[in-house]
Protein chains: 2
Amino acid sequence: MSIQQTPNWLMQRAYLTPDRVALQKDNQQLTFQQLHENVSIITKKLHCLGIKKDARVAILAPNSIQMVELLHACKYIGVITVLLNTRLTTHELVWQIEDADVEAVFADGNYFDLLGDSSANVIPLEVLNETQPKEDGLCIQTEFELGKPDTIMYTSGTTGSPKGVIHTYGNHYYSAVGSALNLGLHHHDVWLACVPFFHVSGLSILMKSVIYGMKVIIHEGFDPKVINHSIQTENVTMISLVSTMLQQVLTDLKESNQTYPEALRCVLLGGGPAPKSLLERSKELGIPVYQTYGMTETASQIVTLSPEYSLTKLGSAGKPLFHSQVKIMNEGKMQESLQPGEIVVKGPTVTSGYYKREEATLASIQDGWLSTGDIGYLDEDGFLFVLDRRKDLIISGGENIYPAEIESVLLSHLSIQEAGVIGKDDDRWGQVPVAFVVATGITESEVKKYCLERLAKYKVPAEVRFVTELPRNATNKLQRHKLQEYLR
Amino acid sequence: MSIQQTPNWLMQRAYLTPDRVALQKDNQQLTFQQLHENVSIITKKLHCLGIKKDARVAILAPNSIQMVELLHACKYIGVITVLLNTRLTTHELVWQIEDADVEAVFADGNYFDLLGDSSANVIPLEVLNETQPKEDGLCIQTEFELGKPDTIMYTSGTTGSPKGVIHTYGNHYYSAVGSALNLGLHHHDVWLACVPFFHVSGLSILMKSVIYGMKVIIHEGFDPKVINHSIQTENVTMISLVSTMLQQVLTDLKESNQTYPEALRCVLLGGGPAPKSLLERSKELGIPVYQTYGMTETASQIVTLSPEYSLTKLGSAGKPLFHSQVKIMNEGKMQESLQPGEIVVKGPTVTSGYYKREEATLASIQDGWLSTGDIGYLDEDGFLFVLDRRKDLIISGGENIYPAEIESVLLSHLSIQEAGVIGKDDDRWGQVPVAFVVATGITESEVKKYCLERLAKYKVPAEVRFVTELPRNATNKLQRHKLQEYLR
């Protein structure tokens, strides 16, 4: 028999391992039983607010226990949760809220103002707290249908307009199982979560927590000193980081003349390729770094490199997780090893599609194979090397930035005739966006200010360069790779 | 997306972890890469013999590397493997071979004679060795469809005639994953297999090996001294045993004044309830015993008790694996906690059904819920207590014995008019079968000899008692529970 349902994950955990710690934040700890009880109450409050199965509800909040409880409560009801990036502007948020047909947005107090004037149905988390629980007529999902949508996260693409990536229960489930088959699973594992839950790298930690019965230590923000203290004193065995974070914790570690306890058995490193020097420093310090390759569309890592290969296969993203497959395609043909081409992946963590974007879904996924848009090759041993992330993708501090999205904002300014955006190497962030514009009567700071009103801060060009024309090919298509030459 | 396929397990392992040891027996070791290469050759030999996808092929052999290779080769082709119990008689074997529409039986040399005179197409393993590999036209399953049948194992029932339990790829896959989510998964895990691979307790170890990438140490037979030596010198972390085996290894351990290394982190105990004294001795010796409840129909364990509860919840079988659910039913109604009733289970390891027994399948499985026929209850904390195994089931040294099967052999003798079989407690085997017969002109030893020609040795009644009548109810149905009073 193939699997179609599993028991509701948190409910099953509250039954199987009620007394294990599920979540910890600052001085607060919740067991799976306590978490289930809190979630049950929130479920009744959502019911009182009229939130029904299959509705789309958005969450705009930083990492917190309350956010996790709300996430689980949505699963209890069968609501599809849209996870909003707290770094976005009002304009970007409203766009996603409308696109996802969201019925209600639960917003943390600090982010409420961002949406205060919008037409969205915004409910501050404080209001949810004060809502009376209602039980009458409430129907709880005691089982999860693995094929059904669970969450939606937006990611931009080459077109510039973000698309809602649908994650089914199955996507999250197999991501957790595939990771366990690769990294192993110990009874005393504790995962430190300092990456945001509105990204799949963070959300996947929460799914692992209930599927494994594992404690998660939640950090709201990223402070290298605080993270290092947590690792050193709280029996952390696993942590998810992006390169810039790893760099910062290692620097702090060196400055404070400390090392990590042996209990730390996995640093799961995502968000783009890691610099060689960083991997070498990690190796010297005996830190077990697992490099990963993945994207929102694959519900986090789909290819991982074990620490034993981190230097011998330097630059490689590793091999696929147990359920997944990778092939390299070029003009409809599978490439031999060492021959580059588009990276195409398959497996049960691949998204079922983009919300309301049938055409884009069909263009990306065929027969279960997802065309990533990234370029790479497999070596003789089957290790994946990523040569180029999705055409023109800029990865800055673990956040994906799509040039087309910034260009479309730039072009909306009346004084800008043409615009091209590329990534520039940056010691701290990996990359930062740089804009080339053909414009008259506007200064660099005016351009930046205009962007800042419309784009998340990390997307605002670090530099704006004024040029007389942009490199284009015969069909007038912008040749961004030529802008790299302008940069040099 | 729900999962429908996985990559071929062994092929994926040979790709992901080629150099890890997959199998060890005596002085021979095979890595996953070597195992894959051997299996590929056997696949070509099977192809040469005309064995095709979806055919049913039987294996009659004790635990060996060659048997494991053949098992994987069958999966490569998509053959459904029927696993035959080497302890059965010719009569029993031929019945199963015919019932399963087996095209070819691969028999170990020592067991070939059992089938030598039958009409079955029996191929000695030596002949397979000498067969020339053929590649032309061979089609390998590079992916497994989880819903498709993989293996068949026979189990008797209350009717007395054995039924072929179909295990899909998915049954085996989720059994391995469910076990890992419960027991954890360490990179250095080594599983000792001394239970036969023709039982699901043994077969499931092999499935775990390729799904986890884990080393399995194969023992052909069970010798407590040899097993203890293996545990003490070969870094064994996990072992599957039945109670009588555990009793014997503990006795040997005591006699030789030794203990087990700390590396041994799990003794998975199946095959019926364990005596309290055995659990207490294990606890004293610091041996982590996980008691399990399961059956062929659930592809091995479905409920497990962790060592920390082995004495506080003494007598309990534990809680279900993560994907599985247990409920207690009585006259169509779900029972409250502490109320006994039939144990009914659900989950992705539940068989898709009995081979060619649609009616029996429908009678046992409804909406995914399998009626086990066992009686039990759940306590206030949700721990399962099994009161009575499947009506009248006798468990002897981990082997299931169904009274109806023995009774039907007894009744086939012209001198026996009536027969009833029940289990009697036995220090060594847990239980042994005892027969009550109404007969004339036949002695106890003649009855035993008659049975020995038709039944596996472990099924032959240890005692035959002659009575003038058997206890029957108003509808003339044999009341086996009343025979227990005769015994006392």
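Taking an unreviewed UniProt entry as the reference, chain A is identified by name as 2-succinylbenzoate--CoA ligase belonging to Bacillus suaedaesalsae. The record in UniProt for chain A states the following under Function (unreviewed entry): "Converts 2-succinylbenzoate (OSB) to 2-succinylbenzoyl-CoA (OSB-CoA)." Regarding chain A, the UniProt comment filed under Catalytic activity (unreviewed entry) reads as follows: "2-succinylbenzoate + ATP + CoA = 2-succinylbenzoyl-CoA + AMP + diphosphate".

Q: Could you clarify how one ought to interpret the overall build of chain A in this entry?
A: Within chain A one finds 15 helices and 29 strands. Here the C-alpha radius of gyration of chain A, 22 Å, is about what a compact globule of 488 residues would show, namely 23 Å. Summarising its shape, the C-alpha atoms of chain A cover approximately 65 × 55 × 50 Å along the three principal directions. Counting contacts in chain A only where the partners sit at least 6 residues apart, residues at least 24 apart contribute 67% of the total. Total accessible area on chain A stands at roughly 19700 Å², and carbon and sulfur atoms take up 48% of it. Mean positive and mean negative side-chain charge positions of chain A (44 and 56 charges, respectively) differ by 2 Å.

Q: Sorry, what's going on with helix α10 (residues 243–255) of chain B here?
A: What sets the pattern is the α-helix's 3.6 residues per turn: residues three or four places apart point alike. Residues and elements named next belong to chain B. Taking 1.5 Å of rise per residue, 13 residues should cover 18 Å, and α10 covers 18 Å from first to last C-alpha, within 8% of that figure. Among the residues of α10, Ser 243, Thr 244, Met 245, Leu 246, Gln 247, Val 249, Leu 250, Asp 252 and Leu 253 are the ones counted as buried. On its buried side, α10 packs onto α9 (224–233), β13 (238–242), β14 (266–270), α11 (276–284), β15 (289–295) and β28 (430–439). Residue Asn 257 follows α10 closely and has a positive phi angle near 60 degrees.

Q: I tried to follow the environment of B:Ser256 on my own but got confused; where do I start?
A: All names here are of chain B. Locating Ser 256 in the fold gives a position in the loop between α10 and β14. Ser 256 gets classed as partly exposed once you look at its relative accessible area, which sits at 31%. Reaching out from Ser 256, the side chain makes a polar contact with the backbone oxygen of Leu 253 at a distance of 3.3 Å.

Q: Sorry if this is basic, but what is going on with the sheet that holds strand β29 (residues 463–466) of chain B here?
A: Either a parallel or an antiparallel arrangement is found when strands of a sheet pair, and the pairing is made through backbone hydrogen bonds. Residues and elements named next belong to chain B. The sheet built from 3 strands is open, its strands ordered β27-β28-β29 with mixed pairing. One side of each edge strand has no neighbouring strand; the edge strands of this open sheet are β27 (416–426) and β29. Here the strands of the sheet are splayed against their neighbours by 25 degrees on average, with no regard to which way each runs. When β28 meets β29, the two strands line up parallel, connected through 4 bridges. Counterpart to Phe 436 in the pairing with β29 is Arg 465. Across the sheet, helix α14 (residues 444–454) touches β27 and β29, and the angle it forms with β29 is around 130 degrees. Against the sheet, helix α15 (residues 480–487) contacts β27, β28 and β29, and its axis sits at roughly 70 degrees relative to β27.

Q: Explain the sheet that holds strand β21 (residues 353–354) of chain A here, please?
A: Residues and elements named next belong to chain A. Strand order in the open sheet formed by 7 strands is β7-β6-β4-β5-β9-β10-β21, and the pairing between neighbours is mixed. Because the sheet does not close on itself, it has two edges, and the strands there are β7 (122–124) and β21. Across 4 bridges, the pairing between strand β4 (residues 56–60) and strand β6 (residues 104–107) is parallel. By the bridge assignment, Ile 59 is partnered in β6 with Phe 106. The strands that helix α7 (residues 169–183) touches are β9 (149–155) and β10 (163–168); relative to β10, the one it contacts most, it runs at about 65 degrees. Sheet strands touched by helix α8 (residues 200–213): β5 (80–83), β9 and β10. Its angle to β9, the strand with the most contacts, is close to 160 degrees.

Q: Any chance you could explain the interface of chain B and chain A here in plain terms?
A: Where interface size is quoted, it is often the accessible area lost as the parts come together. With 49 residues of chain B at the interface, the matching set in chain A holds 49 residues. Carbon and sulfur atoms make up 54% of the area that chain B and chain A hide from each other, which totals about 3800 Å². For the pair chain B and chain A, the number of links is 2 salt bridges. A salt bridge links B:Lys346 to A:Glu143; its shortest N-O distance comes to 3.0 Å. Counting the contacts that link chain B with chain A gives 20 residue pairs in polar contact (both at pLDDT 80 or more). Every element with two or more residues in the side of chain B that touches chain A is listed here: β1 (5–7), α1 (9–16), α7 (169–183), α8 (200–213) and β17 (316–320) of chain B. Looking at the side of chain B that touches chain A residue by residue, the classes come out as 25 nonpolar, 19 polar and 5 charged.

Conventions and cut-offs
- Residues numbered from 1 in each chain as written.
- Chains lettered and ligands numbered in written order.
- Predicted model: local features only at pLDDT ≥ 70, side-chain atom pairs only at ≥ 80, totals over all residues.
- Heavy atoms only, no water.
- UniProt positions renumbered as here; feature names shortened; annotations may be inferred.
- Helix = DSSP H or I, 4+ residues; strand = E, 2+ residues; numbered from the N terminus.
- Rg over C-alpha atoms; globule rule 2.2 N^0.38 Å.
- Contact = heavy atoms within 4.5 Å.
- Areas by Shrake-Rupley, 256 points an atom, 1.4 Å probe, with all protein chains shown as cover.
- Lys, Arg positive; Asp, Glu negative; His and termini not counted.
- Charge placed at Lys NZ, Arg CZ, Asp CG, Glu CD.
- Expected span 1.5 Å × (residues − 1).
- Buried < 20%, exposed > 50% of the residue type's maximum accessible area, 1.4 Å probe, protein only.
- Polar contact = N/O pair within 3.5 Å; in protein donor to acceptor, adjacent residues only side chain to side chain.
- Pairing = 2+ DSSP bridges.
- Axes fitted to C-alpha atoms, helices over the stretch in contact; angles between N-to-C directions.
- Buried area = accessible area lost by both parts, 1.4 Å probe.
- Salt bridge = Lys/Arg side-chain N within 4 Å of Asp/Glu carboxyl O.
- Nonpolar A, V, L, I, M, F, W, Y, C, P; charged D, E, K, R; others polar.

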